[in-house]
Amino acid sequence: MHSTFMRFLQLSKSKIFILTILIAVGIGIGGIIFLYKQLPSPQHPGFEIYAQDEFRKSNYPYLDKSLPIDQRVDDLLNRMTTDEKIGQMALVEKNSIHDPLDVSRYGLGGVMSGFGGKPEPNTPQGWLDMVNGFESSARYSRLGIPILYGVDTNHGHSNVPGATIFPHFIGLGATSDPDLVRRTAQATSEEMLATNIYWSFSPNLDVVSDIRWGRTYETFGSDPNTVAELGKAYVEGLSVLSTAKHYLGNGSMEWGSSKNINFAIDQGVTRLDEDTLISTHLPPFKAAIEGGAKSVMAGLNTWEDKKMAANSYLLTDVLKKELNFQGFVVSDWYGVYEISISKYKSLVTAVNAGVDMIMLPFDYKSFMYYMEKAVQSGDISEERLNDATRRILLVKFELGLFDRDVSNNPDLSVLGSQANRDIAREAVRKSLVLLKNTGETLPLSKSVDRIVVAGSAADNIGRQSGAWTVEWQGIDGNWIPGTTILAGIKAAVSDSTDIEYNEAGNFSASGKRADIGIVVVGEKPYAEGWGDLAHPALSKDDLEVIEKTKARSEKLVVIIVSGRPLDIKGLHNDWNAVVAAWLPGSEGQGVADVLFGDYPFTGKLPVTWEL
Ligand code: GLC
């Protein structure tokens, strides 16, 4: 028996001794790192707060909306203390703020909802009240600088139950329709503004290369020109602050390179030479900046052994100097603190590399402490601090945050309005890609005798919406308003048509065979690295439902609801038609609009799909 242990024993005594020492040292270092990370971080006590709106009595020039913005920024910047400038560089997740007045006590520049960071009750009014609460807390500070409240809106204001859920970007990519994307963005910002939210962490400008990546569906696809054109349109349509993300090369990570032990490719290493990185991934950001993007989010990926938030060449030399980007760079999630085991060193590295606002997103008191030390020591220069603060203030003034009526009473009924749902329905229609259509099965007649419908995604708004819907990982089932694909089919057919639905495909063997069997199958919701998958394919259960339905139908139509291509090679030979519906969102009736010929198939594959 030559087990590893036997082989170990055969080593010489000196080798065993050395090996033992190495193992002990390794354990020791690991233990020290673990204990170091458990140490409580030093905390900054914060600074004085004032009576609410006290600052308005000053009549300082920065409050005068008749003055040029640059003059207002200069006046405000010259009045700010070092700590007040540092506070503007902090972006904090709202659940980490235990005392709302800390917004003023630390002069926080940004507050956000990590996806699913919802109010209680989780209603449009609840969102408006929550955001107004943080905004009013900012008015107890000496200078009354308003916060920027940020949320993810990659397919509508989808945190909020009742909002219109648009197709995810992969479906918009299939439309290749910049005007439609512009209107989608406009409708999204209209619903955001109804909750007084002025900052969207969209558009995603990643150019996806490996569809095994769990974020494929968040992208407009794998063609840099399409991503650039549609990304620019989205920025132009958004009437709030947009965020071009994730800078740079976040769609070209290498499978198996993730720095997150739970993931395979998300947060991984972008292994591209500089020319390929720039030619593939920079054009969408260049276009977005031309379209007016005023924030750029640094990705969680690594390039040439550097975390993106530490890359001064890409963040400062390329983005800020070559592209003349005048807005601010925001880091992604906890990414800055992944640069080094030392939080102090991480912050110094990221800020000096060009990060202007740090998505902490948790501990703002230690952030203030370390940053104050870094500026006092000169590790972060006053010039760099002023540059970052100026960029942030400029955007806030341009958004009108200093001048808006904080006692406004927005019309919440725009959330999920019929007009916005109609735009979403149009987007669904235009996103559908006809993968196969033998014997001109499609379009279907509305007056066939009998149709049977089956499948895991036929009557499930959660499946057709995908993740980033109320919850980060989505909500499987029918929990939000909308129209399922099944409901759309039922509404489309004539009264004389017999339509039977059975999710599992259990149709009576003795009953009349259907003229048409429609099976709607695909992926369960997933977000980010939790969707990294070595072989995206239909599940065994879905394939069984397809077989059972085919056995009871003259012709079979399979509709795939997924965030990316699924492997159906060799499986679809006796499926008469196959439609890629991507993740259509709340307006599932858009599928029936095309299925029954009211509109033609116009969608084009945004990524390669091998059949
Ligand atoms: C996530 C994502 C980013 C998102 C941010 C805030 O980690 O990478 O796309 O905008 O956190 O939710």
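Preceding this section is the structure that the text describes.
Anyway, here's the lowdown on the structure attached to this text.

Rules behind the numbers
Here the residue index of a chain counts from 1 through its sequence in written order. Local features in a predicted model are, by the rule used here, given only for residues with pLDDT of at least 70; side-chain atom pairs are given and counted only at 80 or more, and totals for whole chains, interfaces and linings are based on all residues. For the side-chain quantities, the full set of heavy atoms in the structure was used; hydrogens and water were omitted. A helix here means a DSSP run of H or I that spans at least four residues, while a strand means a run of E at least two residues long, and both kinds are numbered starting from the N terminus. In this analysis, the expected span of each helix is defined as 1.5 Å times one less than the number of residues it contains. Between buried and exposed lies partly exposed: a residue is buried under 20% and exposed over 50% of the maximum accessible area for its type, with that area taken using a 1.4 Å probe on protein chains only. For this analysis, a nonpolar core means a set of buried residues of the types Ala, Val, Leu, Ile, Met, Phe, Trp, Tyr and Cys, connected via side-chain atoms within 4.5 Å. We call a residue near a molecule or strand as soon as one heavy atom of that residue lies within 4 Å of the molecule or strand. In protein, a polar contact means a hydrogen-donor-capable atom and an acceptor-capable atom, both N or O and within 3.5 Å, with residues adjacent in sequence counting only if both atoms are side-chain atoms; elsewhere, any N or O pair within 3.5 Å suffices. Working definition of accessibility: Shrake-Rupley area with a 1.4 Å probe, residue cover restricted to the visible protein chains. Each pair of strands is called paired provided DSSP finds at least two bridges between the two strands. Throughout, an axis means a line fitted to C-alpha atoms (over the contacting stretch in the case of helices), and angles, computed between N-to-C directions, take values from 0 to 180 degrees. In what follows, residue pairs with any heavy atoms lying within 4.5 Å of each other are defined as contacts. For patch building, the residue pool is restricted to those with more than 30% relative accessible area and no salt bridge; the joining distance is 9 Å between like charges and 5 Å between nonpolar side chains (Val, Leu, Ile, Met, Phe, Trp, Tyr). Within this document, salt bridges are pairs made up of a side-chain nitrogen of Lys or Arg and a carboxyl oxygen of Asp or Glu, the two lying within 4 Å of each other. Only four residue types enter the charge count: Lys and Arg as positive, Asp and Glu as negative, with His and the chain ends excluded. One atom stands in for each charge, and that atom is NZ of Lys, CZ of Arg, CG of Asp or CD of Glu. Roughly parallel here means an angle under 35 degrees, roughly antiparallel means over 145, roughly perpendicular means 65 to 115, and every remaining angle is called oblique. Note on convention: near helix rotated counterclockwise from far helix by under a right angle means a left-handed crossing. Clockwise means right-handed. Put simply, Ala, Val, Leu, Ile, Met, Phe, Trp, Tyr, Cys and Pro go in the nonpolar bin, Asp, Glu, Lys and Arg in the charged bin, and everything else, Gly too, in the polar bin. Between the rings of Phe, Tyr and Trp (Trp by its six-membered ring), a pair exists once the centres lie within 6.5 Å; its type follows the angle of the planes, with under 30 degrees stacked, over 60 edge-to-face, and the other angles tilted. Counted as over-ring charges are cases with an Arg CZ or a Lys NZ within 6 Å of the ring centre that also lie within 35 degrees of the ring normal.

**Some remarks on helix 6 (residues 124-137)**
For step 1, the next point in the chain: The first and last C-alpha atoms of helix 6 sit 20 Å apart over 14 residues, in line with the 20 Å expected at 1.5 Å per residue.
For step 2, the next point in the chain: Within helix 6, the full set of buried residues consists of Gly126, Trp127, Leu128, Met130, Val131, Phe134, Glu135 and Ser137.

**A word on the nonpolar core**
Nonpolar side chains in soluble globular proteins tend to be buried together.
For step 1, the next point in the chain: Core analysis: the largest hydrophobic core is formed by 102 residues, its most contacted members being Met89, Tyr149, Trp199, Tyr247, Phe328, Ile358 and Phe367.
For step 2, the next point in the chain: Top contributing element to this core by residue count: helix 13 (residues 364-377), with seven residues.
For step 3, the next point in the chain: In this structure, Trp468, Leu486, Tyr526 and Val579 belong to the second largest nonpolar core, which totals 63 residues.

**Concerning the site of the ligand**
For step 1, the next point in the chain: Residues in contact with the ligand, as listed here, are Met112, Asp152, Phe201, Arg215, Lys245, His246, Met297, Asp332, Trp333 and Glu528.
For step 2, the next point in the chain: A distance of 2.8 Å separates an oxygen atom of the ligand from a polar side-chain atom of Arg215.
For step 3, the next point in the chain: A distance of 2.7 Å separates an oxygen atom of the ligand from a polar side-chain atom of His246.
For step 4, the next point in the chain: Protein burial of the ligand: of its 310 Å² of free accessible surface, 95% is covered by the chains.

**Section: the sheet that holds strand 12 (residues 433-437)**
For step 1, the next point in the chain: Taken in spatial order, the six strands of this open sheet run 12-17-16-15-13-14, and their pairing is mixed. With one partner strand each, in any of the chains shown, strand 12 and strand 14 (498-501) form the two edges of the open sheet. In this sheet, adjacent strand axes meet at a mean angle of 15° when their direction is disregarded.
For step 2, the next point in the chain: Pairing of strand 13 (residues 450-454) with strand 14, which is carried by four bridges, proceeds in the parallel orientation. Note on strand 14: the bridge partner recorded for Arg450 is Asp498.
For step 3, the next point in the chain: On the sheet, helix 17 (residues 485-492) packs against strand 13, strand 14, strand 15 (514-522) and strand 16 (553-561) and is oriented at approximately 170° with respect to strand 14.

**Notes on the environment of Leu238**
For step 1, the next point in the chain: Mapped onto the elements of the fold, Leu238 is located in the loop between helix 9 (224-237) and strand 5 (243-247).
For step 2, the next point in the chain: The exposure class assigned to Leu238 is buried, which follows from its relative accessible area of 7%.
For step 3, the next point in the chain: Along the primary structure Leu238 and Glu190 are separated by 48 residues, whereas in three dimensions their C-alpha atoms are 8.6 Å apart.
For step 4, the next point in the chain: Once you skip the residues sitting within four places of it in the chain, Leu238 turns out to touch Ala185, Ser189, Ser200 and Ser202.

**Let's talk about helix 14 (residues 382-398)**
For step 1, the next point in the chain: Taking 1.5 Å of rise per residue, 17 residues should cover 24 Å, and helix 14 covers 24 Å from first to last C-alpha, within 8% of that figure.
For step 2, the next point in the chain: The set of residues buried in helix 14 consists of Arg384, Leu385, Ala388, Thr389, Arg391, Ile392, Leu393, Leu394, Val395, Lys396 and Phe397.
For step 3, the next point in the chain: Within two residues after helix 14, Gly400 carries a phi angle of roughly 80°, on the positive side.

**A closer look at a negative patch on the surface**
For step 1, the next point in the chain: Residues Asp273, Glu274, Asp275, Glu304, Asp305 and Glu322 make up a contiguous surface patch of negative charge.
For step 2, the next point in the chain: Here Asp275 shows up in helix 10 (residues 274-290).
For step 3, the next point in the chain: On the basis of relative accessibility, which here comes to 63%, the residue Asp275 falls in the exposed class.

**Comments concerning the side chain of Asp532**
For step 1, the next point in the chain: Take Asp532: it is sitting in the loop between strand 15 and helix 18 (540-551).
For step 2, the next point in the chain: Although buried, Asp532 forms no salt bridge, and the nearest oppositely charged side chain, Arg564, lies 5.9 Å from it.
For step 3, the next point in the chain: There is a polar contact of 3.0 Å between the side chain of Asp532 and the backbone nitrogen of Ala264.
For step 4, the next point in the chain: In this view, Asp532 contacts Arg212, Trp213, Gly214, Trp255, Phe263, Ala264, Ile265 and Asp266; residues no more than four positions away in its chain are not counted.

**Thoughts on the packing of helix 9 against helix 10**
For step 1, the next point in the chain: The geometry of helix 9 relative to helix 10 is characterised by a closest axis approach of 8 Å and an angle of 20° between their N-to-C directions. By the angle between their directions, the pair helix 9 and helix 10 is classed as roughly parallel. Crossing of helix 9 over helix 10 shows right-handed handedness. Across the interface between the two elements, Pro224, Val227, Ala228, Lys232 and Val235 of helix 9 pack against Thr280, Pro283, Pro284, Ala287, Ala288 and Glu290 of helix 10.
For step 2, the next point in the chain: For the contact of helix 9 with helix 10, the class distribution of residues is eight nonpolar, one polar and two charged.

**Overview of the packing of aromatic side chains**
For step 1, the next point in the chain: Tallied over the full model, the rule gives 18 aromatic pairs.
For step 2, the next point in the chain: Aromatic side chains Trp199 and Phe201 sit 5.0 Å apart centroid to centroid with 75° between the ring planes, which places their arrangement in the edge-to-face category. Across this residue pair, the class does not change: Trp199 and Phe201 are buried.
For step 3, the next point in the chain: Residues Tyr217 and Tyr526 carry aromatic rings whose centres are separated by 5.5 Å and whose planes lie at 70° to one another, so their mutual orientation is edge-to-face. Residue Tyr217 is found in the loop between strand 4 (199-200) and helix 9, and its partner Tyr526 is found in the loop between strand 15 and helix 18; the two are separated by 309 residues along the sequence. Residue Tyr217 shares its accessibility class with Tyr526, and that shared class is buried.
For step 4, the next point in the chain: An aromatic cluster is present here, built from Tyr60, Tyr62, Phe397 and Phe402 joined pairwise through their rings.
For step 5, the next point in the chain: Lying across the ring of Tyr60, Arg79 places its NZ or CZ 3.8 Å from the centre.

**Notes on the pattern of salt bridges**
For step 1, the next point in the chain: Under the counting rule described, the total for this entry stands at 42 salt bridges.
For step 2, the next point in the chain: A salt bridge links Lys430 to Asp177; its shortest N-O distance comes to 3.0 Å. With Lys430 in helix 15 (residues 418-431) and Asp177 in the loop between helix 7 (169-175) and helix 8 (178-193), this residue pair connects regions lying 253 residues apart in the sequence.
For step 3, the next point in the chain: Residue classification places Lys430 among the partly exposed positions, given a relative accessible area of 26%.
For step 4, the next point in the chain: Residues Arg183 and Asp179 are paired through a salt bridge, measuring 2.9 Å at the closest nitrogen-oxygen approach. Note that Arg183 and Asp179 are positioned in helix 8 at a spacing of four residues, about one turn of the helix.
For step 5, the next point in the chain: Using a relative accessible area of 26% as the deciding quantity, one classes Arg183 as partly exposed.
For step 6, the next point in the chain: If you follow the salt bridges from partner to partner, you end up with Asp177, Asp179, Arg183, Glu426 and Lys430 in one network.

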